[in-house]
Amino acid sequence: MLKSPAPDSPTEARAISQHLLDVTGAAYAARDFAAFAPHFVVPGDVHSFGAVRLVKDLADLHDLFIEVMAYFDQIGLTALERDCIAAEFDGPDRVKATHITRMMCGNALLASPFPAFSLLRRIEGRWMIASSQYATDDKRLAEALATSWEERPCR
């Protein structure tokens, strides 16, 4: 009989991270903000090279979701592949995790794969994403992650 991973083990931490990657990825694929939002701590933050975006409330999280969806549409994304590569507990209710993102159109990579770091928190028994840092040099993605609707210039 297979043993379950020990509580607070790296295997359990990776499983928690991968689950959040999978459910939020499915929400992106379904364009379903209602399925996406419950997996985030609000307020929270998103970082990319040169920019930090504070997600103050659910309306701001929705704006971020719409921005990222628009970016995915712009580049022709057909699949978002994200795999946890390392995770560890940082106390009983915190996990630090790193994953790799591959943005695909069919079998073709749309951009170089890039790593991301997330801080996950367990709140009232549920694991949620509290903070994310994306290491990408794709300026369009960095802009989508960093720009809120109210900060956009009029065109």
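Report on the accompanying structure. (Residues numbered from 1 in each chain as written. Predicted model: local features only at pLDDT ≥ 70, side-chain atom pairs only at ≥ 80, totals over all residues. Heavy atoms only, no water.)

### Describing empty space enclosed by the protein
Sizing a probe to match a water molecule and rolling it over the atoms shows the empty space that remains.
Line of reasoning, step 1. On inspection of all chains with the given rule, the structure shows 1 cavity of 30 Å³ or more.
Line of reasoning, step 2. Considered as a void within the structure, the largest cavity measures approximately 390 Å³ in volume.
Line of reasoning, step 3. Lining the largest cavity are 31 residues, with Tyr28, Phe40, Arg82, Ser132 and Tyr134 positioned closest to its centre.
Line of reasoning, step 4. Going through the elements one at a time, α1 (10–30), β1 (40–48), α3 (58–75), β3 (79–89), β4 (94–105), β6 (114–123), β7 (126–134) and α4 (139–146) are the ones with two or more residues in the lining of the largest cavity.
Line of reasoning, step 5. Looking at side-chain class alone, the lining of the largest cavity contains 21 nonpolar, 8 polar and 2 charged residues. (1 Å grid on protein atoms, 1.4 Å probe; cavity = no way out; pocket = protein on both sides within 12 Å on 5 of 7 lines; lining within 4 Å. Points joined across faces, edges and corners; volume = space filled by probe spheres on them. Helix = DSSP H or I, 4+ residues; strand = E, 2+ residues; numbered from the N terminus. Nonpolar A, V, L, I, M, F, W, Y, C, P; charged D, E, K, R; others polar.)

### Comments concerning the pairing of strand β2 (residues 51–55)
Line of reasoning, step 1. The side-chain alternation of β2 yields one buried face, formed by Ala51, Arg53 and Val55, and one unburied face, formed by Val52 and Leu54.
Line of reasoning, step 2. As paired strands, β1 and β2 are joined by 5 bridges and run antiparallel to one another. The residue bridging His47 from the neighbouring strand is Val52, located in β2. (Buried < 20%, exposed > 50% of the residue type's maximum accessible area, 1.4 Å probe, protein only. Pairing = 2+ DSSP bridges.)

### Comments concerning the pattern of salt bridges
Line of reasoning, step 1. According to the stated counting rule, one finds 7 salt bridges in the structure shown.
Line of reasoning, step 2. For the salt bridge of Glu88 with Lys96, the shortest nitrogen-to-oxygen distance reads 3.6 Å.
Line of reasoning, step 3. Owing to a relative accessible area of 43%, Glu88 belongs among the partly exposed residues under this scheme.
Line of reasoning, step 4. Overall, the relative accessible area of 29% leaves Lys96 in the partly exposed class.
Line of reasoning, step 5. Across the pair Arg94 and Asp90 runs a salt bridge whose closest N-O atoms are separated by 3.2 Å.
Line of reasoning, step 6. Overlapping salt bridges, with partners in common, bring together Glu81, Asp83 and Arg102 in one network. (Salt bridge = Lys/Arg side-chain N within 4 Å of Asp/Glu carboxyl O.)

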